[in-house]
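Report on the structure
Read off the chains here:
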Amino acid sequence: MKVLVVGGGGREHALCWKLAQSNKVYKIYCAPGNGGIGEVAENVNIAANDIEALLDFALKEGIDLTIVGPEEPLVLGIVDRFQEKGLKIFGANKKAAQLEGSKSFSKSFMEKYYVPTARYRSYDDYNLAVKDLDDFKYPLVVKADGLCLGKGVVICQTKEEAEAVLKEFLVDKIFGSQGCRVVIEEYLDGIEASLLCFVSQGKLIPMESAKDYKKIYEGDEGPNTGGVGCYSPSPLFTPDLKEKIDRKVIKNIIQGMEEEGLFYSGILFIGLMIVNNEPYVLEFNVRFGDPETEVLMPRLESDLVDLIEKSLDGSIEFEDLKWKDEACLTVVATSEGYPAKYQKGFKITGLDQLDKDIVVFHNGTKYEDDNLVTAGGRVISVTSLGSSLEEAREKIYKNIQKIDFKGIYYRKDIGK
Ligand code: AMP
Ligand code: GLY
């Protein structure tokens, strides 16, 4: 079949890399793709949020299956639009995408269906929000309601800081309409874990766990990023914790989705905070994670197209997901300055010097006159399987030193 992957980051590279191993697939397109994706798929010069152009392309090319990477097209309704035209597409529809697209929607969903989460309130009025700050302890968390490219969540240590953030969001409107409503919630002190699930018309089938590193600096210091390192599985996921997640989180989400009519075939990414061995949901995403996908795809033994087709026709079962016992780890090399301002266009060298078992997924690269150059804040995810996390980690850090571009930065403590 002919497959179209929408997006152009490390997540989409890992998806295309995995799809290319399926004997059901003879052609992969990726829109817009990137330098590395071009090695396993054909890059198509259409932006991931240009739904009408993607639709035209899929119809003209006779695409058999479309897989959506990023949240923005999902929230904009790409799935509904493709389905109207009779096209097969894997992802959340517009209604269900609110689970990611609106924090107040997802928090009230969690509250209504007893999904454990931080205590919260939501506001669209600055004065009311400030007045209620005294009901929370510090630190507390202020979240813009909508999609803000990962910049809409601020952990505030003092009331002054919280007031300043509320003013930025609700009065100065730095995120425009995406920040016109905010959620204030209690701070949870624990360890984060990512649990991605296949969603299939009322079923929720968890994949293996992953641990994402969100902070830019070693020791989890500095500002939040999209994720600069990741490994799978997370050692926190003991049988006891899995049972609790199943009973307190998954079952309640399934019930909520059913009662709210949130039916789709795609992904639900549950962002968890584990506090004293108890799971709390921080957020939902309705898509594959990045860099979680870069460590899950190498561990996945099953054919990805098979799983997606079964998710679309409702026949997928937990047993269909087969995983390698090996651990997988990835370290993301970033451009100097990320997640704030950074420069692009620097030549990347050394990728041809890496050991054979290292896989490099490209987050932000492109070709310029035959040279591979940097084209994003996150540049490449250097990835390896290993019989243990430690082994995978050693392989990566031995190899990543061979890679160079101006301003290259990566954390040295991923998986430590
Ligand atoms: P979110 O987009 O809601 O997942 O928030 C982004 C990041 O902010 C999370 O991955 C956490 O690192 C942090 N965060 C969000 N909510 C909380 C919370 N209630 N307590 C502690 N940290 C949080
Ligand atoms: N790595 C977190 C995310 O994909 O949102």
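Please refer to the structure higher up on the page.
This report concerns the structure included in the present document.

Rules and cut-offs
Per chain, residue numbering runs from 1 following the sequence as it is written. Each chain gets a letter, beginning with A, and each ligand a number, beginning with 1, in the order they are written. Given that this is a predicted model, residues contribute local features only at a pLDDT of at least 70 and side-chain atom pairs are listed and counted only at 80 or more, while totals for whole chains, interfaces and linings are drawn from all residues. The basis for every side-chain value is the complete set of non-hydrogen atoms in the structure, without hydrogens or water. The rule for a residue being near a molecule or strand is that one of its heavy atoms must lie within 4 Å of it. Definition of a polar contact: a pair of N or O atoms within 3.5 Å, with one able to donate and the other able to accept a hydrogen when the atoms are protein atoms, and with sequence-neighbouring residues admitted only if both atoms are side-chain atoms. Surface exposure here means Shrake-Rupley accessible area, sampled with a 1.4 Å probe, where a residue is shielded only by the protein chains that are shown. Put simply, DSSP marks the helices as runs of H or I at least four residues long and the strands as runs of E at least two long, and each gets a number from the N terminus on. Nonpolar residues are Ala, Val, Leu, Ile, Met, Phe, Trp, Tyr, Cys and Pro. Charged residues are Asp, Glu, Lys and Arg, and all others, Gly as well, are polar. Here a residue-residue contact requires only that any non-hydrogen atoms of the pair lie within 4.5 Å. Whenever a carboxyl oxygen of Asp or Glu lies within 4 Å of a side-chain nitrogen of Lys or Arg, that contact is scored as a salt bridge. For each residue, the accessible area found with a 1.4 Å probe, counting protein chains only, is set against the maximum for its type, and the residue is called buried under 20%, exposed over 50%, and partly exposed in between.

**Some remarks on the site of ligand 1**
Neighbouring residues of ligand 1: 15 residues in total, closest Lys-143, Glu-185, Leu-188, Glu-192 and Glu-283. Lys-103 has a polar side-chain atom sitting 2.9 Å from an oxygen atom of ligand 1. Lys-143 has a polar side-chain atom sitting 2.8 Å from an oxygen atom of ligand 1. Protein contact buries 92% of the 470 Å² of open area that ligand 1 shows by itself. At the level of secondary structure, the elements contributing two or more residues to the shell around ligand 1 comprise β7 (140–144), β9 (182–186) and β16 (278–285). Taken together, the residues of the shell around ligand 1 break down into seven nonpolar, one polar and seven charged.

**Quick notes on the environment of Ser-381**
For Ser-381, the position within the fold is in strand β21 (residues 378–386). When the C-alpha atoms of Ser-381 and Gly-364 are compared, they prove to be 9.7 Å apart, with 17 residues separating the residues in sequence. Excluding residues within four positions of it along the chain, Ser-381 makes contact with Glu-294, Thr-330, Val-331, Val-332, Val-359, Val-360, Phe-361 and Asn-363.

**Here we look at the site of ligand 2**
The full set of residues close to ligand 2 is Asp-212, Gly-226, Phe-269, Asn-285, Arg-287, Gly-289, Asp-290, Pro-291 and Glu-292. One of the backbone nitrogen or oxygen atoms of Asp-290 is found 2.9 Å away from a nitrogen atom of ligand 2. Glu-292 is positioned such that a nitrogen or oxygen atom in its side chain is 2.8 Å from a nitrogen atom of ligand 2. Here the residues of the shell around ligand 2 are counted per class, giving two nonpolar, three polar and four charged.

**Side note on the environment of Ile-191**
Along the chain, Ile-191 turns up in strand β10 (residues 191–200). Residues Ile-191 and Gly-101, spaced 90 residues apart in sequence, show a C-alpha to C-alpha distance of 24 Å. If we ignore the near neighbours within four places in the chain, the residues touching Ile-191 are Lys-211, Leu-236, Leu-272, Met-273 and Ile-274.

**Considering the pattern of salt bridges**
All told, the structure shown has 36 salt bridges when counted by the stated rule. For Glu-100, the salt bridge is made with Arg-287, and the minimal N-O distance between the two is 3.0 Å. With Glu-100 in helix α5 (residues 98–101) and Arg-287 in the loop between β16 and α10 (292–299), this pair connects stretches of sequence that are 187 residues apart. A single burial state applies to Glu-100 and to Arg-287, both of which are buried. A salt bridge links Lys-159 to Asp-134, with the nearest nitrogen and oxygen atoms 3.2 Å apart. Of this pair, Lys-159 sits in helix α8 (residues 159–171) while Asp-134 is found in the loop between α7 (126–132) and β7, placing the two residues 25 residues apart along the sequence. A network of salt bridges, in which partner residues are shared, links Lys-24, Lys-88, Asp-306 and Glu-309.

**Some words on unusual backbone geometry**
The residue after Tyr-138, namely Pro-139, is reached through a cis peptide bond having omega 0°. For Pro-139, the position within the fold is in the loop between α7 and β7. The peptide bond linking Asp-290 to Pro-291 adopts the cis configuration, its omega dihedral lying at 20°. One can find Pro-291 in the loop between β16 and α10. At Asn-276, a residue that is not glycine, the phi angle is positive and equals roughly 50°. Structurally, the position occupied by Asn-276 is in the loop between β15 (265–275) and β16. In the Ramachandran plot, Asp-369 falls in the positive-phi region, its phi being about 45° despite a non-glycine side chain.

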